Amino acid sequence: MPVTVVGSGNWGSVAAKLIASNALKLPSFHDEVRMWVFEEVLPNGEKLTDAINKTNENVKYLPGIKLGSNVVADPDLENAVKEANMLVFVTPHQFMDGICKKLSGKITGDVEAISLVKGMEVKKDGPRMISSLISKQLGVNCCVLMGANIANEIALEKFSEATVGYRESREIADTWVQLFSTPYFMVTAVHDVEGVELCGTLKNVVAIAAGFVDGLEMGNNTKAAIMRIGLREMRALSKLLFPSVKDSTFFESCVGGRNRRVAEAFAQSGGKRSFDELEAEMLQGQKLQGVSTAREVYEVLNYCGWLEMFPLFATVHQICIGRLKPEAIVHYREQKVFNFLFPVVFRSPAIPIYGDFSPSHLGLTVAMTKRAAEEAPPSPDSSGIGSKILGYYRDQIQSLARRMHLTSQLRDKNSLIDGEVEEDIQLLMKSDPSLMKDIASKYTNDVVARLDNMREQLEKLLDNVATTCRTMSRGEKRDLQKSIKELPGENLKRVIEIIKDHYVASGKEFSDEVIVNMEEEDSIMVSRLHFCVGAVKNARKLAS
Ligand SMILES: NC(=O)c1ccc[n+]([C@@H]2O[C@H](COP(=O)([O-])OP(=O)(O)OC[C@H]3O[C@@H](n4cnc5c(N)ncnc54)[C@H](O)[C@@H]3O)[C@@H](O)[C@H]2O)c1
Ligand SMILES: O=P(O)(O)OC[C@H](O)CO
């Protein structure tokens, strides 16, 4: 079987080297391995392709490493692929659409493909992984190969491993395993294309986050925490987009690599130098995937309404585009809690709506700090049981929200859900509408009851947290008063509710004309108002 490698960057060249050594040893593959080269003219005026064929080295993207005498560089894409029935795609993901368009309709016969490309495309109807772009545009089956694979280390034959993800045939996957495996490069196969591909892709966003932490010299604990949280978001997002993704697929590292290195330099410059500038200066033609992947992931999250569920991914993108400072990489949690929590509370139909309200009715005489919007009053157990409980309920609500979203997608024609599931539901709706109605109403009641229950628990939890907060100073309370006066009408309803609940719980009389003297109010109520104002400010910041 003739093999062609489409791409000849850093990893593309190493892939060609691995394949070339096996092609010579294994009888089922042709000895000669073609490598398509995006033609460039080197500073000495020589064409890159000519230099590779003359020296047997990719002098620009992998200098100092012999590729194998059976590697033939070819600058003509169509010519490079025309004989092959095993195609290995390995270029930066932003070029894949153009490459597939050029090859569309030109791939005939019994051809298998594999993608080593880390990245995704975002279309109007959702994300598309590069393997499906290849499959759809070229009409071929496409596996993937991903791993913690820093190309330069594999080029030096340091031990590494990778995973082939396959969709259709185990036999084809095993052929790819054979083609790539060497004593220093261990390859295994799993029946999970999307899981493997998303791991490789999303890992680059986490690597950017890890680079920020390194650039700010935040230390190993912080980096480990960010990587762990990143892994959690990788897993959650992969499962949301592709429910078939397997947990066992999630292992990667982001301690080395270009994404991490350039992000480190970005953070060291305080975000003043752009990624484009640093990429050009530090990588000399090699391409980062993490920054564009962060943007693509952000687009998907934004489109699906999932931004609050993936605060680390969202934060990485906002840092990359300069909307947030690199230091925000460790403040993503506050955004997560406040932005998510309060909109749920605000929107709950269980909250009574009050009539006309103006803050002056409250006669607020004391206020809290303006800083309080960003810095919640310090709680003695911020790393202990309180935050664990808060995390638990937050996770519960998030998982519920995810399920609700997926359910709503089932009714959406542009669904990201597998077509088969949609078809089953359509069929059931036609054949047994009353059963469908019963299931839907049972599910809705269940969700509403659970949301109500969680809301109640959250209210109790917030009261507990507020009990442990220190008393606010007069200045802080004054600032809170000012902030409350500036709140939009719909948020003021929530302020009234907090005050009313408190008054009722402590047996005090409450009417529309009640005057609240913040200095005399207990600290639980003041803290609750403080949390509420902070949440509104954060939500508005994100929306602006
Ligand atoms: N380098 C690694 O350590 C490594 C490891 C695993 C996976 N990957 C992934 O492999 C993929 C390819 O990365 P790489 O490291 O081989 O490339 P690279 O970043 O080293 O090099 C960039 C490549 O893009 C080519 N190019 C530039 N402009 C182009 C255009 N307009 N059209 C087509 N090609 C163009 C260049 O000629 C060069 O071959 C990426 O998705 C990357 O994430 C890289
Ligand atoms: O050097 P990076 O950051 O592009 O990462 C390369 C590979 O993806 C490492 O697995």
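Residues numbered from 1 in each chain as written. Chains lettered and ligands numbered in written order. Predicted model: local features only at pLDDT ≥ 70, side-chain atom pairs only at ≥ 80, totals over all residues. Heavy atoms only, no water.

Under an unreviewed UniProt entry, the protein has the name Glycerol-3-phosphate dehydrogenase [NAD(+)] and belongs to Thlaspi arvense. Check the Catalytic activity (unreviewed entry) section of the UniProt entry for the protein; it says "sn-glycerol 3-phosphate + NAD(+) = dihydroxyacetone phosphate + NADH + H(+)". The Sequence similarities (unreviewed entry) comment attached to the protein in UniProt states, word for word, "Belongs to the NAD-dependent glycerol-3-phosphate dehydrogenase family." (UniProt positions renumbered as here; feature names shortened; annotations may be inferred.)

1. Details of the packing of helix 10 (residues 258-268) against helix 11 (residues 275-283)
It is at 10 Å that the axes of helix 10 and helix 11 come closest, and there the two elements cross at 120°. The angle between helix 10 and helix 11 falls in the class oblique. The crossing of helix 10 and helix 11 is right-handed. Residues Arg258, Arg261, Val262, Ala263, Ala265 and Phe266 of helix 10 pack against Phe275, Leu278, Glu279, Met282 and Leu283 of helix 11. Its residues placed into classes, the contact of helix 10 with helix 11 shows eight nonpolar, no polar and three charged. (Axes fitted to C-alpha atoms, helices over the stretch in contact; angles between N-to-C directions. Helix = DSSP H or I, 4+ residues; strand = E, 2+ residues; numbered from the N terminus. Parallel < 35°, antiparallel > 145°, perpendicular 65-115°, else oblique. Left-handed = near helix turned anticlockwise from the far one by under 90°. Contact = heavy atoms within 4.5 Å. Nonpolar A, V, L, I, M, F, W, Y, C, P; charged D, E, K, R; others polar.)

2. Notes on helix 8 (residues 193-215)
Its 23 residues place the ends of helix 8 34 Å apart at the C-alpha level, agreeing with the 33 Å of an ideal helix rising 1.5 Å per residue. Counting buried positions along helix 8 gives 22 out of 23 residues, so the element sits mostly inside the fold. Looking one or two residues beyond helix 8, the residue adopting positive phi is glutamate 217, at roughly 50°. (Expected span 1.5 Å × (residues − 1). Buried < 20%, exposed > 50% of the residue type's maximum accessible area, 1.4 Å probe, protein only.)

3. As for unusual backbone geometry
Despite not being glycine, asparagine 56 shows a phi value in the positive range, around 65°. Within the secondary structure layout, asparagine 56 lies in the loop between helix 2 (48-55) and strand 3 (71-74). Overall, the relative accessible area of 16% leaves asparagine 56 in the buried class. Of note in the backbone geometry, glutamate 157 takes a positive phi value of approximately 65° without being a glycine.

4. Concerning helix 13 (residues 311-320)
Among the 10 residues that make up helix 13, 10 are buried, leaving the element largely enclosed by the rest of the structure. Turning to helix 13, its buried residues number three or more, namely Pro311, Leu312, Phe313, Ala314, Thr315, Val316, His317, Gln318, Ile319 and Cys320. One or two positions beyond helix 13, positive phi appears at glycine 322, with a value near 85°.

5. Let's talk about the sheet that holds strand 3
Ordered in space as 3-2-1-4-5-8-9-10, the eight strands form an open sheet in which the pairing is mixed. Either end of the sheet is taken by a strand with one partner, and the two such strands are strand 3 and strand 10 (185-190). Here the strands of the sheet are splayed against their neighbours by 25° on average, with no regard to which way each runs. Two elements, strand 4 (residues 86-89) and strand 5 (residues 112-115), share four bridges in a ladder whose sense is parallel. By the bridge assignment for strand 5, phenylalanine 89 is matched with serine 115. Running at roughly 170° to strand 2 (residues 33-36), helix 1 (residues 10-25) makes contact with strand 1 (3-6), strand 2, strand 3, strand 4, strand 8 (141-146) and strand 10 of the sheet. (Pairing = 2+ DSSP bridges.)

6. Considering the UniProt feature "coiled-coil region" (unreviewed entry) in the protein
Following the UniProt record, the feature "coiled-coil region" (unreviewed entry) maps to residues 444-471 here. The straight-line gap between the two end C-alpha atoms of residues 444-471 is 42 Å; of that span, 86% is helix and 0% is strand.

7. Quick look at the site of ligand 1
The environment of ligand 1 is formed by 24 residues, the closest being Asn10, Asn149, Ala151, Lys287 and Gln289. A distance of 3.0 Å is found between a nitrogen atom of ligand 1 and a side-chain nitrogen or oxygen belonging to arginine 258. In the environment of ligand 1, an oxygen atom lies 2.6 Å from a nitrogen or oxygen atom belonging to the backbone of lysine 287. In isolation ligand 1 exposes 840 Å². Once the protein is present, 90% of that is buried. (Near = heavy atom within 4 Å. Polar contact = N/O pair within 3.5 Å; in protein donor to acceptor, adjacent residues only side chain to side chain. Areas by Shrake-Rupley, 256 points an atom, 1.4 Å probe, with all protein chains shown as cover.)

8. Some thoughts on the site of ligand 2
Around ligand 2, the structure places 11 residues, and the nearest of them are Lys118, Asn149, Lys203, Arg258 and Asn259. A distance of 2.7 Å separates an oxygen atom of ligand 2 from a polar atom in the side chain of lysine 118. Glycine 147 is positioned with one of its backbone polar atoms (N or O) 3.0 Å from an oxygen atom of ligand 2. When ligand 2 sits alone it has 310 Å² of accessible area, and the protein chains cover 91% of it. Breaking the shell around ligand 2 down by element, the ones donating at least two residues are helix 8 and helix 10.

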